[in-house]
Amino acid sequence: MVRIIEKRQLTPITKLYRVEAPLIAKAASAGQFVIVRVREGGERIPLTITDYDRDRGLITIVVQEVGATTRRLGELDEGDEILDMVGPLGEAPDIPSGGHIVGVGGGYGSAALLCLMRELSDRGEKTTIVMGAREKDLLILADELGEICDNVEICTDDGSAGFKGFVTERLQQLIDGSGPGRPDYVIAIGPMPMMRAVEKTTNAAGIDTTASLDPLMIDGTGMCGGCRVTVGGEVKFACVDGPFFDAHQVDFDEAVSRSKMYVKEEQKAAACQRSAAGAA
Amino acid sequence: MPVKRADKTPMPVRKPEMRAHDFEEVNEGYCFSHAMFEAERCLRCQDPVCIDGCPVRVPISDFMHAVAAGDMQTAAGILRTANPLAAICGRVCPQESQCEMKCHMTKRFGPVAIGHLERFVSDWEMEQPRSEEAAQPWRDEKIAIVGSGPSGLVCAGELARLGYHVTVYEALHAPGGVLRYGIPEFRLPNSILDWEIRSLELLGVEFVNNVIIGKTIKMDDLFGEMGYSAIFIGTGAGLPKFMGIPGESLNGVYSANEFLTRINLMQAFEFPYAETPLKVGKRVAVIGSGNTAMDAVRSALRLGAEHAMVVYRRSENEMTARIEEYEHAIEEGVEFHWLTNPIEVLGEDGWVTGLKCMRMELGEPDDSGRARPVPIEGSEFIFPVDNVVLSIGTRPNPLLSKSTPGLRTHSWGGLLVDEREVETSVHRVYAGGDAVTGAATVILAAGAGKRAAEAIHSDLNAEAA
Ligand SMILES: Cc1cc2nc3c(=O)[nH]c(=O)nc-3n(C[C@H](O)[C@H](O)[C@H](O)COP(=O)(O)OP(=O)(O)OC[C@H]3O[C@@H](n4cnc5c(N)ncnc54)[C@H](O)[C@@H]3O)c2cc1C
Ligand SMILES: Cc1cc2nc3c(=O)[nH]c(=O)nc-3n(C[C@H](O)[C@H](O)[C@H](O)COP(=O)(O)OP(=O)(O)OC[C@H]3O[C@@H](n4cnc5c(N)ncnc54)[C@H](O)[C@@H]3O)c2cc1C
Ligand code: SF4
Ligand code: FES
């Protein structure tokens, strides 16, 4: 059981939780994740460790509600407990030093980049975050990221804040020399289609890129192989070998296809949850 | 002396047409009189060779004597002392290649039903009232157990009985190892595992789930700031192998571990109340022939597959599953395709549609001493299938050894242990079960846990002296 000590609503569907998890906080590195289960009979879902505070034994997670489990998690409040949490899982990415490092975040991705970008800034790297959302109100942790990174590039589909357009369009402009300039290394975290588009963009420009893949997972220890992805023609388990992989080597077609394996069942679980909530 | 009956008293089972559609236990168990009747078949031999067949040397003849006399209390005591997981082993041990194979009765008649009686007596014991007061450790030393499979459970229990503070760390959200996530309810109900775990809690063992040693807590910290005097590693061999054939990452292809974990640990059979889904189509091919393959194929049947088939490149003779499971699988309608080697998983729009195979014939014996299957040229054909489940073996998980400097392994990942077969290359770190041997059996893991507990006790005593 993991107690929630702080809850912040970042957008209508995104919540930030600070929870008491001293062992995880102590062992965590930027870029690792946890797996949580919210109720008996519930799914195990992976969530990035957005931040950690070793002294106080706390970790921060940011949850975007997309289905049954994330919604159920989103219903929890301060003082409530999360049934199970295990971590830190996965390996921290190995980001080369001495260059302009650009993090590209969409969806929960900008939150997932938070402590990674801070670590890089602390290391003395030149850092830029390119973060995107449909509209201004859906942007998350822009202020916090602004304090950490040398540059923040905000993109909205409707132009309600920052650059009007997709993160990849702004990324292309940076590559072409605009704003903080051409990246030497790119870190992409977000929805699969976004990561894939970032990969296309940086591939054409010959820029090394790592992507945090988010396949379906169960145990997170290498036991089931459900999280397998093909990278450079080799099968890897994202939970133990990743989640960061050389984006230019990732078989995105397969990864996207595998992530849609249970779309119908997910809808059914969500409908069942909603009707149970309605009946209550 | 009463006349000895020739045949083993059959185990009452639920009807195949009923049981093949639910997850309730297949075997119903003997009744009291059945049990006494069967135990009476034991010859109480001068040389009870059955014991030699038992990896933990249960004094079977004494046990039979007590059962035949109807003294279940004594019988249970005899069992427990030798095998702390008797209720489980009575259900899952391959008796036909262990005690029952050796039994003198086997040569002329059917063996004494040692396994069924082990099950009966343990089940009887579980029904007796017990005190719910937990024992308190009385020694100062703390021991950490890594992994809650049978090796860890037995090691924990033995050490708790000796008075140590014992903590079992488990990576998953529920303890039991393969007994929890692998072996299905219809063979080993969770309630039995829960009872065993509760027994250990009553002995004073503390269970901590959701902790991965090597990730959440490093081995060094267990010794250092956490103050453990010794560590037992029983992390199993949970890393699934894939075949490396084309199409293995198509949707609908599972490792047996994933397939069974979704069902047993995550209760996918209760979807959508339990939220973890599993897609089981009309035609399911399971590749392999061990207990895991049988569990997967019979689970597929229970989840609605109309054709649940086992595909194996060797013949029936080389099959490694327990004979009882094989017989039950046949009764339930599982189809077996021997001498058939999968070479490609075929798909459409990202989903499995077929399994391309070759027919095999048996050639010269290979390294394992079994006849080597050789492909028959031009024999390729396709099974139309909706799911493929790979059950071709597992390896020890490198997670812990990778994160623990000095912990040495074989090239295939198994932990290296000393000549006593208990201590690893790191001082005061012991290991046993599948993590050392590679995928084996519950009773071998249990035996290893017991051996390690004895070694830990004597090493710590020697140190203190
Ligand atoms: C390493 C890793 C780190 C992650 N970090 C975070 C995080 O910090 N915050 C966060 O909110 N989410 C994160 N995710 C994604 C999160 O795990 C999924 O959103 C969650 O499992 C969905 O569960 P659900 O039951 O709510 O939705 P489901 O009912 O399972 O899915 C609902 C919808 O979401 C889609 N979906 C399902 N899984 C994913 C996925 N992995 N990625 C994208 N879409 C998905 C489905 O296709 C479906 O359309 C991470 C995933 C991984 C693998
Ligand atoms: C489907 C299936 C059916 C089987 N059927 C039979 C049968 O009928 N009869 C029989 O005798 N044998 C059977 N076996 C084999 C038997 O289950 C195993 O040999 C036995 O469980 C091994 O026990 P173990 O203690 O070594 O580890 P396991 O049972 O594998 O348990 C290891 C535990 O350690 C945990 N763990 C791993 N790493 C860490 C870590 N770093 N930190 C914390 N925890 C960790 C794992 O999560 C797991 O819970 C079967 C196996 C399978 C998979
Ligand atoms: S060998 Fe068979 S008959 Fe003889 S003591 Fe053992 S169980 Fe009884
Ligand atoms: S989640 Fe099971 S192996 Fe990665």
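Residues numbered from 1 in each chain as written. Chains lettered and ligands numbered in written order. Predicted model: local features only at pLDDT ≥ 70, side-chain atom pairs only at ≥ 80, totals over all residues. Heavy atoms only, no water.

An account of the interface of chain A and chain B is requested, with residue identities and associated values reported.
In many analyses, interface size is given as the accessible surface area lost on bringing the parts together. With 45 residues of chain A in contact, the opposing surface of chain B contributes 43 residues. Carbon and sulfur atoms make up 54% of the area that chain A and chain B hide from each other, which totals about 3,700 Å². Considering only the surface of chain A that becomes buried against chain B, A:Met223, A:Arg228 and A:Tyr262 emerge as the three largest contributors, covering 18% of it. Put simply, chain A and chain B have 6 salt bridges between them. Between A:Glu265 and B:Lys279 there is a salt bridge whose closest N-O contact spans 2.7 Å. Linking chain A with chain B are 19 residue pairs in polar contact (both at pLDDT 80 or more). Ranked by residue count, the leading element in the side of chain A that touches chain B is strand 8 (residues 84–89) of chain A, at 6 residues. Grouping the amino acids of the side of chain A that touches chain B by side-chain chemistry returns 18 nonpolar, 12 polar and 15 charged. (Contact = heavy atoms within 4.5 Å. Buried area = accessible area lost by both parts, 1.4 Å probe. Salt bridge = Lys/Arg side-chain N within 4 Å of Asp/Glu carboxyl O. Polar contact = N/O pair within 3.5 Å; in protein donor to acceptor, adjacent residues only side chain to side chain. Helix = DSSP H or I, 4+ residues; strand = E, 2+ residues; numbered from the N terminus. Nonpolar A, V, L, I, M, F, W, Y, C, P; charged D, E, K, R; others polar.)

Could you give me a rundown of the pattern of salt bridges, with the residues and numbers involved?
Summed over the entire model, instances satisfying the criterion amount to 53 salt bridges over all chains. With its nearest N and O atoms 3.5 Å apart, the salt bridge here joins B:Asp221 to A:Lys26. With one member in each of two chains, B:Asp221 in helix 12 (residues 219–223) and A:Lys26 in helix 1 (residues 22–27) form a pair that bridges those chains. Under the relative-accessibility criterion, B:Asp221 is labelled partly exposed at 24%. For A:Lys26, a relative accessible area of 41% translates into the label partly exposed. (Buried < 20%, exposed > 50% of the residue type's maximum accessible area, 1.4 Å probe, protein only.)

Got a sec to walk through the packing of helix 6 (residues 192–205) of chain A against helix 8 (residues 252–259) of chain A? Specific residues and values, please.
Residues and elements named next belong to chain A. The N-to-C vectors of helix 6 and helix 8 enclose an angle of 175°; their axes lie 10 Å apart at closest approach. Between helix 6 and helix 8, the crossing angle belongs to the class labelled roughly antiparallel. Across from Met-192, Met-195, Arg-196 and Glu-199 in helix 6, the residues of helix 8 making contact are Phe-252, Asp-253, Ala-255, Val-256 and Ser-259. Grouping the amino acids of the contact of helix 6 with helix 8 by side-chain chemistry returns 5 nonpolar, 1 polar and 3 charged. (Axes fitted to C-alpha atoms, helices over the stretch in contact; angles between N-to-C directions. Parallel < 35°, antiparallel > 145°, perpendicular 65-115°, else oblique.)

Provide a residue-level description of the site of ligand 1, including the pertinent values.
All names here are of chain A. As a structural note, the neighbourhood of ligand 1 is formed by 21 residues, with Pro-46, Val-62, Gln-64, Thr-70 and Asp-214 the closest of them. Thr-70 has a polar side-chain atom sitting 2.4 Å from an oxygen atom of ligand 1. A total of 870 Å² of accessible area belongs to ligand 1 in isolation, and the protein chains cover 85% of it. Contributing elements (two or more residues each) for the shell around ligand 1: strand 4 (44–48), strand 6 (58–64) and helix 2 (68–74). With 4 residues, the single largest contributor to the shell around ligand 1 is strand 4. (Near = heavy atom within 4 Å. Areas by Shrake-Rupley, 256 points an atom, 1.4 Å probe, with all protein chains shown as cover.)

Which residues make up a negative patch on the surface, and what values go with them?
On the surface, A:Glu135, A:Asp137, A:Asp157, A:Asp158 and A:Glu169 cluster together into a patch of negative charge. You can see A:Asp157 is positioned in the loop between strand 11 (151–156) and strand 12 (163–164). (Patch = residues over 30% accessible without salt bridge, like charges linked within 9 Å, V, L, I, M, F, W, Y side chains within 5 Å. Lys, Arg positive; Asp, Glu negative; His and termini not counted. Charge placed at Lys NZ, Arg CZ, Asp CG, Glu CD.)

Run through the pairing of strand 4 (residues 230–233) of chain B, naming residues and quoting values.
All names here are of chain B. Judged by which residues are buried, strand 4 turns out to be covered on both faces: Ala-230 and Phe-232 on one side and Ile-231 and Ile-233 on the other are all buried. With 4 bridges joining them, strand 1 (residues 142–146) and strand 4 adopt parallel strand pairing. Bridge pairing in strand 4 links Ile-145 to Phe-232. Here strand 4 runs beside strand 16 (residues 429–431); their pairing, made up of 3 bridges, is parallel. Note that in strand 16 the partner of Phe-232 across the bridge is Tyr-430. (Pairing = 2+ DSSP bridges.)

Tell me what's going on with the site of ligand 2, and back it up with residues and numbers.
All names here are of chain B. Taken together, 33 residues form the shell around ligand 2, and within it Val-92, Ser-151, Glu-170, Arg-187 and Asp-434 come nearest. Notes on ligand 2: free accessible area 1,000 Å², of which the protein chains cover 94%. Those elements that place two or more of their residues in the shell around ligand 2 are helix 9 (150–161), helix 14 (291–302) and helix 18 (442–464). Residue contributions to the shell around ligand 2 peak at 3 residues, all from helix 14.

How would you explain the environment of B:Asp22 if you had to name every residue and give the values?
Residues and elements named next belong to chain B. Of note, Asp-22 is situated in the loop between helix 1 (16–19) and helix 2 (32–39). Along the chain, Asp-22 and Gly-214 lie 192 residues apart, while their C-alpha atoms are 38 Å from each other. Among residues more than four places away in sequence, those in contact with Asp-22 are Arg-14 and Arg-302. Reaching out from Asp-22, the side chain makes a polar contact with the backbone nitrogen of Glu-24 at a distance of 3.0 Å.

I'd love a proper account of helix 9 of chain B, names of residues and values included.
All names here are of chain B. For helix 9, with 12 residues, the first-to-last C-alpha span of 17 Å sits near the 16 Å given by 1.5 Å per residue. Most of helix 9 sits inside the fold, with 11 of its 12 residues counted as buried. Within helix 9, the full set of buried residues consists of Pro-150, Ser-151, Gly-152, Leu-153, Val-154, Cys-155, Ala-156, Gly-157, Glu-158, Leu-159 and Ala-160. (Expected span 1.5 Å × (residues − 1).)

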